[in-house]
Amino acid sequence: MNIGLDLSRSGLGEEEILSLRGKLQAAERDLHKGEEGFNGWMTLPEEYDREEYYRILEAADRIKKSCDVLIVIGIGGSYLGAKACIEMMSHSFSAVIEESKRKEPMILFAGQNISPNYHRELLEAVEDKDVCLCVISKSGTTAEPNIAFAVLKEMMYEKYGRKEAGKRIFVVTDRSKGTLREEADREGYESFVIPEDIGGRYSVLTPAGLLPIAAAGIDIEDIIKGAADGAEEFRGTDLNTNICCRYAAARYLLDKAGKKIEIYECYEPKMYFFGEWLKQLFGESEGKEGKGIFPALLQFTTDLHSMGQFIQEGSQIFFETVINIEKTEKDIRIPDTAAPAFRGKTMHQVNMAVVKGVAEAHADDKIPVIFIDISEISPYLFGKMVYFFERSCALKGYMMGINPFDQPGVEKYKAFMKEKLNE
């Protein structure tokens, strides 16, 4: 099980990539200085707090035994990593599988928007279900999760009473400060810590991601092992062999060449929310000081029928990064009643033919195409992918000369929102 990087269709020469040795080494030094106080994710997989790890497993086991539905409340980095992993590893149609056949609770999400329709319908959907809540927020005051938690907590009090509801509420927040920490301590909710030196979009390997993932029945030990192996494999700055550094260098060169949009493309629907996580990771990390590559996401082959023409012949201000899953767990042989071109083949064979055909067509028209090949979908490779992209993103940020760990623009809109609420 591994991750591979193919730059053969990127339009970049090997000399160009190797010319960035000095800039990459400087970025690596900046990353290790830790001046920003947000690089705790770098050593997390290898130095995981085993006591907290076992508490996560115990809490996940109690959640499985006590509820039909776990509602995860969070936004951005507080929920996208968990959502990405659960979508990757779970049955695509778990919502229509009979409850008696499910081994784990259904995982639903709230607080990622402020839509009254969404949250009213969520309340209706779980009215007759046994429910647990997992609320994730460092501060506790972010608008979307704060409001959703208030609404859902009221539902829990009415359903179970305040004391019993408190046993069904799990909190992931700061160790010592913030309104959510204060409430967890006051009400006796079981709580887990997001380390102070790990920002939201880098927090998927903390309890913010691991608790919901474990509750979904996914092996978090394999996830941590994959991330730890990634930390070892991607260490250093050898541009000849280190694919993490090579990806950062390729993105830097394409950025400088005027390719200001990176289109993440996945041909496996299970990877869609992993692409959503990538959008936040790179968008929030790079988009500042008038710099950065805009991350977009397309689901192929579906979006080939709406966006394929533009990508092939439209404004060439983008490059493509294909997240390619090489093997599938269960394939389907195409019946002989299909068109002659498809008879005798499997769906995966046809899908891979589209992957290669599209890449060749686009590269032939000088569109840069990067392939990130994932041998298969597994918890181990999810952990390794998370570390690969986190490290590559941080290095590219420092190569650009920006801080990849802050988000001043986000803080600005929050301040203006508060002004409007006060009006």
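Quick note: structure is the one above.
In this report, the structure presented in the accompanying data block is examined.

The rules behind each value
- Residues numbered from 1 in each chain as written.
- Predicted model: local features only at pLDDT ≥ 70, side-chain atom pairs only at ≥ 80, totals over all residues.
- Heavy atoms only, no water.
- Pairing = 2+ DSSP bridges.
- Helix = DSSP H or I, 4+ residues; strand = E, 2+ residues; numbered from the N terminus.
- Axes fitted to C-alpha atoms, helices over the stretch in contact; angles between N-to-C directions.
- Buried < 20%, exposed > 50% of the residue type's maximum accessible area, 1.4 Å probe, protein only.
- Phe/Tyr/Trp six-rings, centres within 6.5 Å; stacked < 30°, edge-to-face > 60°.
- Lys NZ or Arg CZ within 6 Å of the ring centre and 35° of its normal.
- 1 Å grid on protein atoms, 1.4 Å probe; cavity = no way out; pocket = protein on both sides within 12 Å on 5 of 7 lines; lining within 4 Å.
- Points joined across faces, edges and corners; volume = space filled by probe spheres on them.
- Nonpolar A, V, L, I, M, F, W, Y, C, P; charged D, E, K, R; others polar.
- Right-handed = clockwise from strand over helix to strand, strands pointing away.
- Expected span 1.5 Å × (residues − 1).
- Contact = heavy atoms within 4.5 Å.
- Polar contact = N/O pair within 3.5 Å; in protein donor to acceptor, adjacent residues only side chain to side chain.
- Salt bridge = Lys/Arg side-chain N within 4 Å of Asp/Glu carboxyl O.

Taken together, the five strands give an open sheet; going across it, the order is 3-2-4-5-6, and neighbouring strands pair in parallel fashion. Sheet topology places strand 3 (106–110) and strand 6 (190–193) at the edges, where each strand pairs with a single neighbour. Neighbour to neighbour, the strand axes of the sheet diverge by 20° on average, direction disregarded.

This brings us to the environment of Ala95. Tracing the chain through its elements places Ala95 in the loop between helix 4 (80–89) and strand 3. Given a relative accessible area of 58%, Ala95 falls into the exposed group. Distance in space between the C-alpha atoms of Ala95 and Met106 is 7.5 Å, their sequence separation being eleven residues.

Right, let's get into unusual backbone geometry. The amide bond that connects Phe300 to the next residue, Thr301, takes the cis arrangement and shows omega of 10°. For Glu289, which is not a glycine, the phi torsion comes out positive at approximately 60°. Structurally, Glu289 is set in the loop between helix 12 (272–286) and strand 8 (294–299). Judged by relative accessible area, which is 58%, Glu289 ranks as exposed. The backbone of Lys366 shows a phi angle near 65°, a positive value even though the residue is not glycine. Exposure remark for Lys366: the relative accessible area of 70% places this residue in the exposed category.

What follows covers the packing of aromatic side chains. What the rule picks out here adds up to 20 aromatic pairs. Look at Tyr264 and Phe282: their rings are 6.0 Å apart centre to centre, the planes differ by 35°, and that puts the pair in the tilted class. Of the two residues, Tyr264 is situated in strand 7 (residues 261–266) and Phe282 in helix 12; the sequence distance between them amounts to 18 residues. For Tyr264, a relative accessible area of 1% translates into the label buried. Phe282 gets classed as buried once you look at its relative accessible area, which sits at 0%. Taken together, the aromatic side chains of Phe234, Tyr247, Tyr264, Phe274, Trp277, Phe282, Phe382, Phe388 and Phe389 make up a single cluster linked through ring pairs. A cation sits over an aromatic face here: Lys83 above Phe273, 4.8 Å from the ring centre. One cation-aromatic arrangement involves Lys153 over Phe149; the distance from NZ or CZ to the ring centre is 4.5 Å.

In this structure, the largest pocket spans a volume of roughly 1,200 Å³. Lining the largest pocket are 32 residues; nearest its centre among them are Glu268, Lys270, Thr328, Glu329 and Lys330. Counting residues per element, the ones that place at least two in the lining of the largest pocket are helix 4, strand 9 (318–325) and helix 14 (347–364). Looking at the lining of the largest pocket, the element that brings in the most residues is helix 14, giving six residues. Of the residues contributing to the lining of the largest pocket, the split by class is 16 nonpolar, nine polar and seven charged. Each pocket or cavity is described by its volume, and for the second largest pocket that value is around 1,000 Å³. The wall of the second largest pocket is formed by 43 residues, among which Thr142, Glu284, Val410, Glu411 and Lys414 lie closest to the centre.

Here the focus is the pairing of strand 8. Counted residue by residue, strand 8 has five buried out of six residues, so it is predominantly covered. As paired elements, strand 7 and strand 8 share six bridges and run parallel to each other. If you follow Glu262 over to strand 8, its bridge partner there is Pro295. Where the polypeptide runs from strand 7 across helix 12 and back to strand 8, its parallel neighbour, the crossover connection is right-handed.

Given a rise of 1.5 Å per residue, 14 residues ought to cover 20 Å, and the 20 Å separating the end C-alpha atoms of helix 10 (residues 220–233) matches this to within 8%. Every buried residue belonging to helix 10 is among Ile220, Ile223, Ile224, Gly226, Ala227, Ala228, Gly230 and Ala231, and all of these are buried. In the core, the buried residues of helix 10 are packed alongside helix 3 (50–66), helix 4, helix 9 (207–215) and helix 15 (379–400). Of the residues flanking the start of helix 10, the one acting as N-cap is Asp219, its side-chain oxygen 3.0 Å from the backbone nitrogen of Glu221.

Attention now goes to the sheet that holds strand 10 (residues 369–374). Here we have five strands laid out as an open sheet, ordered 1-10-9-7-8, and mixed in their pairing. Either end of the sheet is taken by a strand with one partner, and the two such strands are strand 1 (3–9) and strand 8. Going from strand to strand, the sheet's axes swing by 20° on average, the running direction of each strand aside. Across six bridges, strand 9 lies against strand 10 in parallel orientation.

Before going further, it helps to spend a moment on the pattern of salt bridges. According to the stated counting rule, one finds 34 salt bridges in the structure shown. Between Lys65 and Asp61 there is a salt bridge; the shortest N-O distance is 3.1 Å. In this pair, Lys65 and Asp61 are both assigned in helix 3, four residues apart and thus about one turn of the helix distant. Given the relative accessible area of 68%, Lys65 is considered exposed. The residue Arg120 makes a salt bridge to Glu124 at a minimum N-O spacing of 3.4 Å. Highlighted residues: Arg120 and Glu124, both in helix 5 (residues 116–125), separated by four residues, approximately one helical turn.

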